[in-house]
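Geometric and topological summary
Each chain, written out:
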Amino acid sequence: MIKLLIADDQELIRQSLQIILGTAPDFEVLDAVSNGQEVIRSIRKEKPDVILMDIRMPKMDGVACTQIIKENYPQIKIIILTTFDDDEYVFDALKYGASGYLLKGISTNELTEAIRKVHKGSAMINEDIASKVLKLFSRMAKSNLAIQIEEKQTADLKNTEWKIIALVGQGLSNKEIAGKMKLSEGTVRNGLSAILSKLQLRDRTQLAIWAVQTGVVNQAFE
């Protein structure tokens, strides 16, 4: 059972999500709140697995809330609900460790599948904003958010793993990487876990930033 917390300042959206997600047999909606402060209070009591969070909320927005949650409850996964004009917010949410970035208005099936994937440890980025996210990776790579990796950490990387790193840096999902490399999604997922372990990185967002910073994203691997 995946335990969910919903955060949105619009009551209609909040109630709709609560009803829709509550019908899924593997979901349990623990709470639905209207701002970041209420999210923090609710987490202390409810201990959700995944938070579905609006990015623009009063009192405390989704970005500030994401930062606090990931610093204190790193195991909790966060999916940010965003709109096309939320670039700066998405940039900061990426920086603080959100796992998913979805446009408001996606289908119920897309949303439920995204929650399941994020719960398993994948990152989930709506296709419509993937190109924007790649641009954000580039901006993050040029900022002072440098990801430091020692040469000895990359020494054991296999050619297949370098390919995965390059494709992650391009913003591709595990499914898309599997298609390009003619591998199963499970193989890609296991490969990504091995890469993160070898490079001692927190998640695929950090890996993508490093791939852009180092130019790996633009290299061709046979």
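Our subject is the structure that appears above.
Bear in mind the structure is a predicted one, so any value in this text is a computation, not a measurement.

With that out of the way, let us pick up helix α2 (residues 36-46). Buried within α2 are the following residues: Gly-36, Val-39, Ile-40, Ser-42 and Ile-43. Angularly, the buried residues of α2 cover 170 degrees about the axis, an arc narrow enough to put them on a single face. In α2, the exposed positions that point more than 90 degrees away from the buried face belong to Arg-44 and Lys-45. Contacts from the buried residues of α2 go to β1 (2-7), β2 (27-33), β3 (50-54) and α3 (62-72). With a side-chain oxygen lying 3.0 Å from the backbone nitrogen of Gln-37, the N-terminal cap of α2 falls on Asn-35. Of the residues trailing α2, Lys-47 is marked for its positive phi of about 55 degrees.

All right, on to the layout of surface pockets then. Computed from the structure, the second largest pocket encloses a volume of approximately 450 Å³. Counting residues per element, the ones that place at least two in the lining of the second largest pocket are α3, α10 (185-199) and α11 (204-214). Among the elements that line the lining of the second largest pocket, the one with the most residues is α10, at four residues. Counted by class, the lining of the second largest pocket contains six nonpolar, eight polar and eight charged residues.

Let us look at the pairing of β1. Within β1, five of the six residues are buried, leaving the element largely enclosed by the surrounding structure. Bridging between β1 and β2 involves six bridges; their strand directions are parallel. The residue bridging Leu-5 from the neighbouring strand is Asp-31, located in β2. Read as a crossover between parallel neighbours, the route from β1 over helix α1 (residues 11-22) to β2 is right-handed. Pairing analysis gives four bridges linking β1 to β3, with the strands arranged parallel. Paired with Leu-5 across the strands is Ile-51, a residue of β3.

What follows is about the environment of Ile-40. Here Ile-40 shows up in helix α2. By relative accessible area, Ile-40 is classed as buried at 9%. Spatially, the C-alpha atom of Ile-40 lies 8.2 Å from that of Ile-68, the residues being 28 residues apart in sequence. Discounting chain neighbours no more than four positions away, the residues touching Ile-40 are Met-60, Cys-65, Ile-68 and Ile-69.

Cut-offs used in this document
- Residues numbered from 1 in each chain as written.
- Predicted model: local features only at pLDDT ≥ 70, side-chain atom pairs only at ≥ 80, totals over all residues.
- Heavy atoms only, no water.
- Buried < 20%, exposed > 50% of the residue type's maximum accessible area, 1.4 Å probe, protein only.
- Helix = DSSP H or I, 4+ residues; strand = E, 2+ residues; numbered from the N terminus.
- Arc of directions from axis to C-beta.
- Contact = heavy atoms within 4.5 Å.
- Polar contact = N/O pair within 3.5 Å; in protein donor to acceptor, adjacent residues only side chain to side chain.
- 1 Å grid on protein atoms, 1.4 Å probe; cavity = no way out; pocket = protein on both sides within 12 Å on 5 of 7 lines; lining within 4 Å.
- Points joined across faces, edges and corners; volume = space filled by probe spheres on them.
- Nonpolar A, V, L, I, M, F, W, Y, C, P; charged D, E, K, R; others polar.
- Pairing = 2+ DSSP bridges.
- Right-handed = clockwise from strand over helix to strand, strands pointing away.

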